[in-house]
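Letter by letter, the chains look like this.
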Amino acid sequence: MTKASVSTFKAPRGTYDLIPPVSAVYLAVREAISAPLRRAGYGYVETPGFEQVDLFSRGVGESTDIVTKEMYTLTQRSEGSERLALRPEGTASVLRAALEANLHKAGNLPVKLWYSGSYYRYERPQKGRYRHFSQVGAEAIGAEDPALDAELIILAVDAYKSLGLKNFRLLLNSLGDKECRPAYRAALQDFLRDLDLDDDTRRRVEINPLRVLDDKREAVQKQLTGAPMLRDHLCEACKEYHEQVRELLTAAGVAFEDDEKLVRGLDYYTRTTFEFVHGGLGSQSAVGGGGRYDGLSEMIGGPALPSVGWALGVDRTVLALEAEGVELELPAATEVFAVPLGDEARRVLFGLVTELRRAGVATDFAFGGKGLKNAMKSANRSGARFALVAGERDLAEGVVQLKDLESGEQKAVPFDTVVSEVRSAQG
Ligand code: HAM
């Protein structure tokens, strides 16, 4: 292609297109992450790509980077003051949708939902960090039960394993609840106020001191030795809850690492929080994360509904597969490629193509009236195992040639047995 024929438009900064054949890997990853959820009673939910800004500022938190720096807000023509934002995450939306549909009133708690979609954050783009990215997530709404936290974590581990990933770790923490966190927060603030910190970080100390523990900068980290840790301030109920989650994970053979500094970037978390990190991804190592959010429903105007969930990043999971050199076994995009020689053969083969497709065989056709040589090139490029070739002489005999593109072997097959011949040739 010459330069002049390339479109002047490009995918916006921090975004990229999913294009065949790689796009098939993304579909397979979404399928692999959602399969364990579907087997565990999670129903599919889909919410709009945008919501009221306040849903996120109240839900995700006024002090988070996501809300203060990363939200794409939209202007609307003529609908008064309603401010909208592209969704930066899924939890607040899914809970909003469940409340709006009164799912929590159907008398069957927890409400278990899974979702898959695009999310938007105005971040500094780099490998593994995009402004448009894709997550598959799950939320279990309306039950406080350590087994539910364990269930979700196990389902995520099973999803990664089913993809063949090995080099990932599970980090686990408890962030306490409304009983024990306030006292800890005050103790931590007392400690942090004495440190040598820049103005932004000082502000953070006042709004969300726990997040300071998560500051990656060396100058901050080295001052944090001796900081009070939440682990030592958890109330009995939180300790007991966390211990049960740990025991259930251990019983299920799921390895985890206690990470008392794991805070996560969203404010709604209580008690169980976790993150999956992958060793092959450099600085953007979190392939997924989640936790319990017992207060979120009330924060967005609903009743008390203790809940837990996670979201796994599809883009980073694909990068993790690449880093580990895992090649997924994908179904062939095209199994049979039909190559007609002449008009009558086009008509007959086109009919057979439809028949094969209806019988479940992935079949494609040499469109555009190509000559034999080019059509066979297309057949080879399609990755098909078989070509179905027919010319006038074949038609006169009521057959088409079924050619194995791997071995080169060719066999004349009567029209009405093409489907069964292809099936038996596929083995
Ligand atoms: P999160 O940790 O913000 O959690 O995002 C989950 C995953 O999405 C991350 O671990 C990462 O793999 C992926 N991700 C996030 N931002 C980007 C980005 N800019 N580019 C590429 N991938 C990204 C949540 O979103 C919570 N809603 C999870 C949750 C569900 N908690 C409870 N329920």
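The numbers attached to residues start from 1 for each chain and follow its sequence in the written order. Given that this is a predicted model, residues contribute local features only at a pLDDT of at least 70 and side-chain atom pairs are listed and counted only at 80 or more, while totals for whole chains, interfaces and linings are drawn from all residues. No hydrogens and no water enter the side-chain calculation; it runs on all heavy atoms of the structure.

Some remarks on the overall build of the protein chain
Short version of the rule: Under the DSSP-based scheme used, a helix requires at least four consecutive residues in state H or I and a strand at least two consecutive residues in state E, with every element numbered from the N terminus. Whether a residue is buried, partly exposed or exposed follows from its accessible area with a 1.4 Å probe, protein chains only, as a fraction of its type maximum: under 20%, in between, or over 50%, in that order. Note on contacts: a residue pair qualifies if any of its non-hydrogen atoms lie within 4.5 Å across the two residues. The protein chains shown are the only cover counted for residues, whose accessible areas, like all others here, come from Shrake-Rupley with a 1.4 Å probe. A residue counts as positive if it is Lys or Arg and as negative if it is Asp or Glu; His and the chain ends are not included. Lys charges are placed at NZ, Arg charges at CZ, Asp charges at CG and Glu charges at CD.
Counting its secondary structure elements, the protein chain contains 16 helices and 16 strands. The C-alpha extent of the protein chain, read off along each of the three principal axes, is 90 × 55 × 45 Å. Looking at the protein chain as a whole, 48% of its 427 residues are labelled buried. Considering only contacts in the protein chain between residues 6 or more positions apart, those separated by 24 or more positions represent 69%. Total accessible area computed for the protein chain in this model is approximately 21,700 Å², and 50% of it derives from carbon and sulfur atoms. Averaging the locations of the 54 positively and 62 negatively charged side chains of the protein chain gives two centres separated by 5 Å.

Let's talk about the environment of Val-336
Tracing the sequence through the fold places Val-336 in strand β12 (residues 336-340). We classify Val-336 as buried; its relative accessible area is 0%. Residues Val-336 and Ile-33 lie 303 residues apart in sequence; the distance between their C-alpha atoms is 30 Å. Apart from the residues within four sequence positions on either side, Val-336 is in contact with Leu-356, Val-361, Ala-362, Thr-363, Asp-364, Ala-384, Phe-386, Leu-388 and Val-422.

Description of the domain arrangement of the protein chain
Note the threshold: Domain borders in the structure are assigned automatically or taken from a domain database.
The domain boundaries assigned to the protein chain delineate domain 1 (22-180 + 234-324) and domain 2 (336-426). In this structure, domain 1 and domain 2 have C-alpha centres spaced 47 Å apart.

Here's the deal with the packing of helix α1 (residues 22-39) against helix α12 (residues 314-324)
Short version of the rule: The axes are straight lines fitted to the C-alpha atoms, using for helices just the contacting stretch, and the angles between their N-to-C directions are given from 0 to 180°. Should an angle fall under 35 degrees it is called roughly parallel, over 145 degrees roughly antiparallel, and 65 to 115 degrees roughly perpendicular, with every other angle called oblique.
For the pair α1 and α12, interaxial distance at closest approach is 10 Å and the crossing angle is 105°. If you check the angle between α1 and α12, you find them roughly perpendicular. On α12, the residues touching Val-25, Tyr-26, Val-29, Arg-30 and Ile-33 of α1 are Val-314, Asp-315, Thr-317, Val-318 and Leu-321.

Things to note about empty space enclosed by the protein
What counts is decided by this rule: Cavity means a closed set of points on a 1 Å grid over the protein atoms alone, one where a 1.4 Å probe fits but cannot get out, pocket means an open set with protein on both sides within 12 Å along at least 5 of 7 lines, and lining means a residue has an atom within 4 Å of a point. Grid points are joined across faces, edges and corners, and a volume is the space filled by probe spheres set on the points. Throughout this entry, Asp, Glu, Lys and Arg are counted as charged residues, while Ala, Val, Leu, Ile, Met, Phe, Trp, Tyr, Cys and Pro are counted as nonpolar. The remaining residues, Gly among them, count as polar.
A complete count under the given rule lists two cavities of 30 Å³ or more for this structure. Roughly 50 Å³ of internal volume is contained in the largest cavity. Together, Val-45, Glu-46, Thr-47, Arg-87, Val-94, Tyr-115, Ser-116, Gly-117 and Tyr-119 line the largest cavity. Among the elements that make up the lining of the largest cavity, the one with the highest residue count is strand β5 (residues 111-120) (four residues). For the lining of the largest cavity, the per-class residue count stands at four nonpolar, three polar and two charged. Within the lining of the second largest cavity, the residues separate by chemical class into six nonpolar, one polar and one charged.

Considering the layout of surface pockets
The computed volume of the second largest pocket comes to approximately 690 Å³. Taken together, 32 residues make up the lining of the second largest pocket; nearest its centre are Arg-181, Asp-267, Tyr-269, Thr-270 and Met-299. At the level of elements, α2 (53-59), α6 (181-193), α8 (209-213), β9 (270-278) and α11 (296-299) are the ones that each hand at least two residues to the lining of the second largest pocket. Taken together, the residues of the lining of the second largest pocket break down into twelve nonpolar, seven polar and 13 charged.

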